[in-house]
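Take a look at the letters that make up each chain.
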Amino acid sequence: MPLFLVDALPSGGEFVLDGEEARHAATVRRTRVGERVMLGDGTGGIARCVVAEVRSGKNPALTLSVERRTSVPPPEPRVTIVQALVKGDRGELAVELATEAGADAIVPWRAARCVARWDDGPRGAKALARWRASARAATKQGRRPWLPEVRDPVDLAGVSDLVRAADAALVLDGEASHGIGDVTLPSSGELVVIVGPEGGITDDERDALVAGGAVPMRLGPSVLRTSTAAAVALGALGALTTRWA
């Protein structure tokens, strides 16, 4: 059952889906009358609907009959992924995989060893827009009730602020002596997971994050690409906490 994202769930028994979501439904998925679809508001609300009418052409629209509405609570603990910038489309892949694996928020990090450099002008805005589009597409693909927020990029000071405000913070570090199973994880609240660039974090970055309360840890015996590390960490956290309960 496909999921389409809307600004707000319908309050009545009928809803007209239009715009880009309707275009995708009518022209790409070729949705037909009688099929069932889901509407999501990205904040836990889901409406299950039946397609009553399909209008194609220049301004496609779907008339939907709402069957029922549900509200899915967010998982606990909430996980924010701090993702170092990645060159090319591997950054979008990192966001896609983290979203599918359940990230609640994603924060781009301008780490010292990042090859990619997002400026504050149009190029940086376009890169951020691509990350946000990847999160939106992955939310729909995974039929997730919650759309992760992709925030504005931060520097080390911004990451340190996130660490100090969190209930717990983990720094993925292949040289760490502790594995993720050795770390005490919170059962609720905010958990920050920090993923460095391909070249790893610097000693100064590690020292600053540890000083703020972050715990260095490794995921396993092999070295993961920065584009896949967050998804693997989220899978482990799903099994080690109540997030998948």
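Keep in mind it's a predicted model, so treat the numbers as computed, not measured.

1. Digging into the pairing of strand β9 (residues 168-172)
Burial of β9 is extensive: 5 of the 5 residues sit out of reach of the surface. The alternating pattern of β9 places A168, L170 and L172 and A169 and V171 on opposite faces, both of which are buried. Sheet topology places β9 next to strand β10 (residues 190-195); 4 bridges connect them, and they run parallel. Paired with A168 across the bridge in β10 is L191. Note: β9 against strand β11 (residues 215-217), 3 bridges, orientation parallel. Bridge pairing in β11 links V171 to P216.

2. Notes on the sheet that holds strand β7 (residues 105-109)
Spatial ordering of the open sheet is given by β8-β7-β6-β10-β9-β11, a layout of 6 strands whose pairing is parallel. Because the sheet does not close on itself, it has two edges, and the strands there are β8 (149-150) and β11. Bridge analysis of β7 against β8 gives 2 bridges, and the strand direction is parallel. Each bridged residue has a counterpart across the sheet, and for A105 the counterpart in β8 is E149.

Reading the values: the criteria
Every chain's residues receive numbers from 1 upward, in the order its sequence appears when written. The model is predicted, so local features are restricted to residues of pLDDT at least 70 and side-chain atom pairs to those at 80 or more, both for listing and for counting; the totals for chains, interfaces and linings are taken over all residues. Hydrogens and waters are ignored; side-chain quantities use all the structure's heavy atoms. Buried means the residue's accessible area, taken with a 1.4 Å probe over protein chains only, is under 20% of the maximum for its type, while exposed means over 50%, and partly exposed covers the values in between. Elements are defined by DSSP. Helices are runs of H or I of four residues or more, strands are runs of E of two residues or more, and each kind is numbered from the N terminus. Should DSSP find at least two bridges between two strands, the strands are taken to pair.

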